[in-house]
Amino acid sequence: MSSKRVFHLHLVSDATGETLNMVARAACAQYEDARPIEHVYALVRGPKQLERVLGEIENAPGLVMFTMVNEELRARLEKRCAELQTPCISVLDPAMKALGQYLGKESSHKPGLQHIMDAEYFDRIAALNYTMSHDDGQSAGDLNEADIVLLGVSRTSKTPTCIYLANRGIKAANIPIVPGAALPPDLETAEHPLIVGLTTSPDRLVQIRKNRLLSLHENTDTDYVAPDVVAEEITFARRLFAKNGWPVIDVTRRSIEETAAAVLNLYNERQRERMS
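Keep in mind that what you see is a predicted model, and the values were worked out from it rather than measured. (Residues numbered from 1 in each chain as written. Predicted model: local features only at pLDDT ≥ 70, side-chain atom pairs only at ≥ 80, totals over all residues. Heavy atoms only, no water.)

Participant: I'm lost on the overall build of the chain in this one. Help?
Facilitator: When helices and strands are tallied, the chain shows 10 helices and 8 strands. A compact globule built from 276 residues would reach a C-alpha radius of gyration of about 19 Å, whereas the chain, at 24 Å, exceeds it by more than 25%. With the principal axes as the frame, the chain shows a C-alpha extent of 70 × 55 × 30 Å. In the chain, of all internal contacts separated by at least 6 residues, the share reaching a separation of at least 24 is 74%. (Helix = DSSP H or I, 4+ residues; strand = E, 2+ residues; numbered from the N terminus. Rg over C-alpha atoms; globule rule 2.2 N^0.38 Å. Contact = heavy atoms within 4.5 Å.)

Participant: Help me out: how do you make sense of the packing of helix H2 (residues 47–59) against helix H3 (residues 71–83) in this one?
Facilitator: Two numbers describe a pair of packed helices, the interaxial angle and the distance between the axes. The contact between H2 and H3 brings their axes to 11 Å, and the two run at 20°. By the angle class used here, H2 and H3 are roughly parallel. Classified by chirality, the crossing of H3 by H2 is right-handed. In contact with Pro-47, Leu-50, Glu-51, Leu-54, Ile-57 and Glu-58 of H2, H3 contributes Leu-73, Arg-76, Leu-77 and Arg-80. Of the residues that constitute the contact of H2 with H3, the class distribution is 6 nonpolar, no polar and 4 charged. (Axes fitted to C-alpha atoms, helices over the stretch in contact; angles between N-to-C directions. Parallel < 35°, antiparallel > 145°, perpendicular 65-115°, else oblique. Left-handed = near helix turned anticlockwise from the far one by under 90°. Nonpolar A, V, L, I, M, F, W, Y, C, P; charged D, E, K, R; others polar.)

Participant: Looking at this structure, I do not really get the sheet that holds strand S6 (residues 172–176). What am I missing?
Facilitator: Hydrogen bonds between backbone atoms are what pair the strands of a sheet, whose relative direction is either parallel or antiparallel. The parallel open sheet is built from 4 strands, whose spatial order is S6-S5-S7-S8. In the strand order of this sheet, the two ends are held by S6 and strand S8 (248–250), each with one partner. When strand polarity is set aside, the average angle formed by the axes of neighbouring strands in this sheet is 25°. Pairing geometry for strand S5 (residues 148–152) and strand S7 (residues 194–199), over 4 bridges, is parallel. (Pairing = 2+ DSSP bridges.)

Participant: Help me out: how do you make sense of the nonpolar core in this one?
Facilitator: What tends to happen in soluble globular proteins is that the nonpolar side chains get buried as a cluster. Among the nonpolar cores identified, the biggest contains 19 residues, and Leu-143, Val-149, Leu-151, Ile-177, Leu-187 and Trp-246 are the most heavily contacted of them. Among the elements of the structure, S5, S6, helix H8 (202–215) and helix H9 (227–244) are those that each provide at least two residues to this core. Counting residues per element, this core draws most heavily on H9, at 5 residues. Those residues within four positions of Trp-246 in sequence are excluded, and the remaining contacts are Leu-151, Leu-183, Leu-187, Ile-195, Leu-240 and Phe-241. (Core = buried A, V, L, I, M, F, W, Y, C linked by side-chain atoms within 4.5 Å. Buried < 20%, exposed > 50% of the residue type's maximum accessible area, 1.4 Å probe, protein only.)

Participant: Sorry, what's going on with the pairing of strand S1 (residues 5–13) here?
Facilitator: Here 8 bridges tie S1 to strand S2 (residues 34–41), and the two strands are oriented parallel to one another. Its bridge partner lying in S2, Leu-11 is registered against Val-40. In terms of handedness, the path from S1 via helix H1 (residues 18–28) over to S2 forms a crossover that is right-handed. Where S1 meets strand S3 (residues 63–67), 5 bridges bridge the pair, whose relative direction is parallel. Paired with His-10 across the strands is Val-64, a residue of S3. (Right-handed = clockwise from strand over helix to strand, strands pointing away.)

Participant: In this structure, what is going on with the environment of Asp-250? I would like to understand it.
Facilitator: With respect to the helices, strands and loops of the structure, Asp-250 is situated in strand S8. Sequence separation between Asp-250 and Glu-120 is 130 residues; the distance between their C-alpha atoms is 30 Å. With sequence-adjacent residues up to four places away left out, Asp-250 is seen in contact with Thr-199, Thr-200, Ser-201 and Arg-238. A distance of 2.4 Å separates a polar atom in the side chain of Asp-250 from a polar atom in the side chain of Thr-252. (Polar contact = N/O pair within 3.5 Å; in protein donor to acceptor, adjacent residues only side chain to side chain.)

Participant: What's the story with the packing of H8 against H9 in this structure? I'm lost.
Facilitator: At a closest axis distance of 9 Å, the pairing of H8 and H9 adopts a crossing angle of 115°. Of the two elements, H8 crosses H9, and the hand of that crossing is right-handed. Seen from H8, the contacting residues are Pro-202, Leu-205, Val-206 and Arg-209; seen from H9, they are Pro-227, Val-230, Ala-231, Glu-233 and Ile-234. Residues of the contact of H8 with H9, tallied by class, amount to 7 nonpolar, no polar and 2 charged.

Participant: Looking at this structure, how should I read the packing of aromatic side chains?
Facilitator: The geometry of an aromatic ring pair is captured by the separation of the ring centres together with the interplanar angle, meaning the angle of the planes. On inspection of all chains with the given rule, the structure shows 0 aromatic pairs. If you follow Arg-209 out to its NZ or CZ, it ends over the ring of Tyr-224, 4.4 Å from the centre. (Phe/Tyr/Trp six-rings, centres within 6.5 Å; stacked < 30°, edge-to-face > 60°. Lys NZ or Arg CZ within 6 Å of the ring centre and 35° of its normal.)

Everything listed is a geometric property; what it means functionally is a separate question.
Next comes the structure, spelled out in structure tokens:
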């Protein structure tokens, strides 16, 4: 078995670095035989801060990726990296160049604009508060205020998917489906939210539930993980989705991000239909 190639990855940003980190990790994920040692430098907005970063790069040479809008600082970074013969990549340049050409305008060259506390920021906070207070069937009779409601049997990724959506400014509630248990009465009268059912394969769900019980040091010899009982739960849920005409997403092999993206596709399609 070959060992992974380890390399230094320097991530330099004049803002929080969130965008840069996500881009870098998405790229590195495509190289399974390599493992980066990340050096993260956020809020690099002055010469003194940059000099510290350059010293770190010199001590541990490796790939440099950056998001910086100050022309003098980025020129200094690129020049020093060239002297060290270290690759230096501005990850936003292609997108910024294409956007500027399309709009016929120059960018504002102000760092961190995406993190300004504008109305969108407070919308995300409101969405997160709503989502957390409507987790796992909690309801105060206000489900109609939700943008999206997710339903599914236990361990079908309802909560993490809702939290991911909330970080996109979506008010998302989730409701567990338990055979024999009634759904919240306000779900039947809710007209505003998109209601989506989440399902998965019985075998996969049994394994997830067993792992969950093991992590809690609980007995795994229960109906909660019995294959026939789990299959009945999923069948019950599917019939409920079909009866109400709710769209269904199979999360068997999906990550949280992929499930959320599928939900958002349904939501955006519904929004477009309502506007047409």
